[in-house]
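# Structure at a glance
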Amino acid sequence: MLNELSYNRMKWYRFTASIFLICVYILDFAAKPYLPKTLLNSLVIIALIFYIVSIFLFIGGQKKSKKVILDELTKHNEAKAAQFTYLLLTFAVFLGILLTRLTDKNITLSYEVLFCVLIAISAVNDGYYLYLEGRGGQDADTDDED
Amino acid sequence: MPTLTTKIKEYRQKAGLKQEDLGEMVGVRRETIFRLEKGLYNPSLKLAMDIAKVFGVTIEELFSFEDEK
């Protein structure tokens, strides 16, 4: 399994886990009175384990595999995704500050909010990277392989 | 603006290599070779030189600029 785990697949696992975590946190925020706290905690723990395991599997796979996993195209797409994420984050922070100024309210940053922001950054970064990878390579598998 | 066109596919097929084989020889993924052949990605000078070396040709023979009409 380790030999088969590509960078894109690791990104997929991490992206799925991030989206799952964000959904659980939204659920926690919106449906707190209706759902048991233990269920929400269990879901967060499951998603976190999935997130961390996908990273360790990738590190293990990179050491074991003889195949090329990271190349200049990967770095090129990673750089583009990071740039996009940075722009989006700057815009979101700017919008947040502007809204709080306009409504005369304060932003309370708890550990959970910070964690959610970090997970969202990871999700945007992974999602945009996967989009870039998929955009040009959709028919890569169907190309003539002689 | 002129676009970069390549003859990698032509040379690869002549050499009887698969995209994966060529990728392995120059240290990149198969997807990268696919995108290079389709003109979706411009390679670094090092990668272009490595590919040219595999086929025993010069970079100019492998890559050329074409004016868009």
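Here the structure is a predicted model, which means the values were calculated and not measured.

Scanning chain B for helices and strands turns up five helices and two strands. Starting at the N terminus, the α and β elements of chain B follow one another as β-α-α-α-α-α-β. For a compact globule of 69 residues, the expected C-alpha radius of gyration is about 11 Å, and chain B comes in at 11 Å, within 12% of that figure. Its C-alpha atoms give chain B principal-axis dimensions of about 35 × 25 × 20 Å. Scored against the burial criterion, the 69 residues of chain B give a buried share of 41%. Contacts in chain B between residues at least 24 apart in sequence constitute 58% of all its contacts with a sequence separation of at least 6. For chain B, the separation between the mean place of its 12 positive charges and that of its 12 negative charges on side chains is 4 Å.

Residues and elements named next belong to chain A. By volume, the second largest pocket amounts to about 530 Å³. The wall of the second largest pocket is formed by 17 residues, among which Leu 89, Ala 92, Val 93, Gly 96 and Val 117 lie closest to the centre. Looking at the lining of the second largest pocket, the elements that each hand over two or more residues are helix H3 (72-103) and helix H4 (111-137). With nine residues, H3 is the largest single contributor of residues to the lining of the second largest pocket.

When pLDDT is averaged along chain A, the result is 80; 84% of the residues meet or exceed 70. Ranking the elements of chain A by mean pLDDT puts helix H2 (residues 37-64) of chain A last with 78 and H3(A) first with 91.

Right, let's talk about unusual backbone geometry for a bit. The bulk of non-glycine residues show a negative phi, and the bulk of peptide bonds are trans. In the Ramachandran plot, A:Asp104 falls in the positive-phi region, its phi being about 60 degrees despite a non-glycine side chain. Of the residues examined, A:Asp104 reaches a relative accessible area of 73% and is grouped as exposed.

Attention now moves to the pattern of salt bridges. The final tally for this structure, using the stated rule, is seven salt bridges over all chains. Put simply, A:Asp126 and A:Lys11 hold a salt bridge, and the shortest N to O gap is 3.0 Å. With a gap of 115 residues between them, A:Asp126 in helix H4 and A:Lys11 in helix H1 (residues 7-30) connect regions that are remote in the sequence. Since its relative accessible area comes to 0%, A:Asp126 is described here as buried. Note that B:Arg29 and A:Glu133 form a salt bridge whose closest N and O atoms lie 3.0 Å from each other. Separated into two different chains, B:Arg29 in the loop between helix H2 (19-26) and helix H3 (30-38) and A:Glu133 in helix H4 make up a pair that spans both. The same class applies to B:Arg29 and to A:Glu133, which are both buried. Linked by salt bridges that have partners in common, A:Lys11, A:Arg14, A:Glu78 and A:Asp126 make up one network.

The rules we used
- Residues numbered from 1 in each chain as written.
- Chains lettered and ligands numbered in written order.
- Predicted model: local features only at pLDDT ≥ 70, side-chain atom pairs only at ≥ 80, totals over all residues.
- Heavy atoms only, no water.
- Helix = DSSP H or I, 4+ residues; strand = E, 2+ residues; numbered from the N terminus.
- Rg over C-alpha atoms; globule rule 2.2 N^0.38 Å.
- Buried < 20%, exposed > 50% of the residue type's maximum accessible area, 1.4 Å probe, protein only.
- Contact = heavy atoms within 4.5 Å.
- Lys, Arg positive; Asp, Glu negative; His and termini not counted.
- Charge placed at Lys NZ, Arg CZ, Asp CG, Glu CD.
- 1 Å grid on protein atoms, 1.4 Å probe; cavity = no way out; pocket = protein on both sides within 12 Å on 5 of 7 lines; lining within 4 Å.
- Points joined across faces, edges and corners; volume = space filled by probe spheres on them.
- pLDDT = per-residue confidence, 0-100.
- Salt bridge = Lys/Arg side-chain N within 4 Å of Asp/Glu carboxyl O.

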